[in-house]
Amino acid sequence: MAASEVRPPAAAGRPPALHRGLRTLGALLIVLSAVTPASSVFIIAPGVIAQAGTGAFWSFAAAGAVGVLMAFVYAELSSAYPLTGGEYAIVGRTLGRLPGFVVLGLILITQLLILAVIALGVGTYLGVLVHGLDGPVVAALAVAVATVVAIFDIKVNALVTGVFLAIEMGALLVLSGLGFLHVERPFTDLLAHPVAAADGGGLAATSAGLIAAATAVAIFAYNGYGSAVYFGEETHDAQRAVARTILWALGITVAAELVPVTAVLLGAPDLKELLGSDAMMEYFVTARGGHALNTVISLAIALAILNAVIAIMLLTARLIFSSGRDGTWTPRIDGALTAIHPRFGTPWIATVVTGVLSAAACFLDEKFLLVVTGTSLVAVYAALCLAVIAGRRNGTTAHAKYRMPLFPVAPVAALAALGYVIYQNAKDPEVGRPSLIVTVVVMAVSAGYFALVLRRRGGWELTGDQED
């Protein structure tokens, strides 16, 4: 279907439809850009290393195992419902409209704010080149650029994100090379004798508890592979292609993050300095490659973050588009959000709305942003695990082209892991516990809106185009 042939809302009584312009490779490039492995390695991995020391290897490996479980869940559900609404559209069709709408509330707030959190990292890494940058202003400008790019044809965005992704992967290859070409300690030390920073500046054996606690953070470093479902209505042969994209994205993400983290742990000149540094990756790159290389790598990471902003902008705009198509707001707002660009076949007003809201969020306190977004993803993951179990029992996913192996091992094991993550968050009074409270409040407000507004209005429609 050409962009000029996109069906308007009233055509043949059908809801607005997006242009199918993606193949598996194009979708994979956008999804990997949303995951942004380089940003995870340079921004999230140091937090895991600070907590678990060289035991971070085990933390990332265990998180990869959890990722495999969730990838199976995502793949089966997305094969049944490869819809732009993503998680809420799936949960709404398997568990019911109320749980689906609660998931919409969680995902909507999380996606809008996580764009701001990621965009704030652009100024951090550009600060290596230009000192004195205003972080929130730079972040808002990054969001504005991403908004403009995201309005263009989805194939153009696949190309743009693919180019940036190549730069990002190049930075990870350099980081890996610096470590594996200067190995300071045997790999068996990571496996059998992990150590972490101790009081007084020394090193001490890392406990299994610390490694397990750090795994909760490492899980989020891999997050994003399931976002392929948001492009299901723009992907050819979506019931098969989306599942393949999810599984490939998870595999590439784990390799792209676990390998360089291992290289840093093996190749750091001095473990005490690495584990005690406030800027671990900057210390490592500078120590092994010099200040000039650190500057180049910092620029590459800034581009990787911008790339992630573009990719997440794409999927968030499609989420907002879907919410309008399903009649979530008022008729006038819904009509605007479902407007399709006549040339590019993209939800352009939904994209602009996403950009405006996320740019404004860049000026909020960063700790507040982390509190609001911290544990909502856990709740969404849990809902998906319940959804795939319910889908098998009530037959709502019987038409899926992909079926996970060894069902129900994956969703049950993932639920156990997610329960542990919630337990760890509940023990953290600074961010984790407040984040749990915010998540519960968002769920309650979403349920209240559904009961008091949508149900009184006569219900909430779940629409979508699954045809190829």
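The preceding data block contains the structure.
This section reports on the structure supplied with the text. Because the structure is predicted, anything quoted here is derived from the model rather than measured.

Our focus in this paragraph is the overall build of the protein chain. Tallying secondary structure elements over the protein chain gives 19 helices and two strands in all. Computed over the C-alpha atoms, the radius of gyration of the protein chain is 22 Å, within 12% of the 23 Å expected from 2.2 N^0.38 for a compact globule of 468 residues. Dimensions along the principal axes, computed over C-alpha positions, put the protein chain at roughly 70 × 45 × 35 Å. For the protein chain, the residues scored as buried account for 56% of the 468 residues in total. Long-range contacts, defined as pairs at least 24 residues apart, comprise 81% of the intrachain contacts of the protein chain with a sequence gap of at least 6. For the protein chain, the distance from the average site of its 26 positive side-chain charges to the average site of its 27 negative ones is 12 Å.

Next up on the list: the nonpolar core. For soluble globular proteins, the rule of thumb is that nonpolar side chains tend to be buried together. Ranked by size, the top nonpolar core spans 152 residues in total, and within it Phe42, Phe60, Met70, Tyr225 and Leu384 carry the most contacts. With 18 residues, the single largest contributor to this core is helix 13 (residues 291-325). Beyond its immediate chain neighbours, meaning those up to four positions away, Leu384 contacts Met70, Val73, Tyr74, Leu77, Glu87, Ile90 and Val91.

Moving on, we come to helix 19 (residues 432-457). Its 26 residues give helix 19 an end-to-end C-alpha distance of 36 Å, which sits within 8% of 38 Å, the value for a rise of 1.5 Å per residue. The axis of helix 19 is deflected most strongly, by about 30 degrees, at Phe450. Within helix 19, the full set of buried residues consists of Gly432, Ser435, Leu436, Thr439, Val442, Ser446, Phe450 and Leu454. For helix 19, the secondary structure elements touched by its buried residues are helix 5 (97-126), helix 16 (366-373), helix 17 (376-394) and helix 18 (409-426). At the exit of helix 19 stands Gly458, carrying a positive phi of roughly 120 degrees.

Across the interface, helix 3 (residues 56-80) lies against helix 17 with an axial gap of 10 Å and an inter-helix angle of 55 degrees. The pairing of helix 3 with helix 17 is recorded here as oblique in orientation. For the crossing formed where helix 3 meets helix 17, the hand is left-handed. For the pair helix 3 and helix 17, contact is made by Met70, Val73, Tyr74, Glu76 and Leu77 and by Tyr381, Leu384, Cys385, Ala387, Val388 and Arg392, respectively. In terms of residue class, the contact of helix 3 with helix 17 is made up of nine nonpolar, no polar and two charged.

A separate point is unusual backbone geometry. In this structure, Pro408 follows Phe407 across a cis peptide bond, with omega equal to 5 degrees. Even without a glycine there, the phi angle at Leu406 is positive, about 55 degrees. Within the secondary structure layout, Leu406 lies in the loop between helix 17 and helix 18.

Applying the stated criterion across every chain yields a total of 14 aromatic pairs. Look at Phe42 and Tyr125: their rings are 6.5 Å apart centre to centre, the planes differ by 85 degrees, and that puts the pair in the edge-to-face class. Of this pair, Phe42 sits in helix 2 (residues 37-52) while Tyr125 is found in helix 5, placing the two residues 83 residues apart along the sequence. This pair shows no difference in class: Phe42 is buried, exactly as Tyr125 is.

What follows deals with the environment of Gly448. Structurally, Gly448 is set in helix 19. On a C-alpha basis, the gap between Gly448 and Val102 in space is 9.4 Å, while along the polypeptide they are 346 residues apart.

Within the secondary structure, Met313 is located in helix 13. For Met313, a relative accessible area of 0% translates into the label buried. Sequence separation of Met313 and Val296 is 17 residues, and the distance between their C-alpha atoms is 26 Å.

Applying the stated criterion across every chain, the model contains six salt bridges. Across the pair Glu76 and Arg403 runs a salt bridge whose closest N-O atoms are separated by 3.7 Å. Separated by 327 residues along the polypeptide, Glu76 in helix 3 and Arg403 in the loop between helix 17 and helix 18 bring together distant segments of the chain. For Arg403, a relative accessible area of 37% gives the class partly exposed. With a closest N to O distance of 3.4 Å, Arg240 and Asp237 form a salt bridge. For Arg240, a relative accessible area of 41% gives the class partly exposed. Its relative accessible area of 30% is what places Asp237 among the partly exposed residues.

Parameters and conventions
- Residues numbered from 1 in each chain as written.
- Predicted model: local features only at pLDDT ≥ 70, side-chain atom pairs only at ≥ 80, totals over all residues.
- Heavy atoms only, no water.
- Helix = DSSP H or I, 4+ residues; strand = E, 2+ residues; numbered from the N terminus.
- Rg over C-alpha atoms; globule rule 2.2 N^0.38 Å.
- Buried < 20%, exposed > 50% of the residue type's maximum accessible area, 1.4 Å probe, protein only.
- Contact = heavy atoms within 4.5 Å.
- Lys, Arg positive; Asp, Glu negative; His and termini not counted.
- Charge placed at Lys NZ, Arg CZ, Asp CG, Glu CD.
- Core = buried A, V, L, I, M, F, W, Y, C linked by side-chain atoms within 4.5 Å.
- Expected span 1.5 Å × (residues − 1).
- Bend = angle between axes of the 7 residues up to and from the residue.
- Axes fitted to C-alpha atoms, helices over the stretch in contact; angles between N-to-C directions.
- Parallel < 35°, antiparallel > 145°, perpendicular 65-115°, else oblique.
- Left-handed = near helix turned anticlockwise from the far one by under 90°.
- Nonpolar A, V, L, I, M, F, W, Y, C, P; charged D, E, K, R; others polar.
- Phe/Tyr/Trp six-rings, centres within 6.5 Å; stacked < 30°, edge-to-face > 60°.
- Salt bridge = Lys/Arg side-chain N within 4 Å of Asp/Glu carboxyl O.

That is the geometry; function is a separate question.
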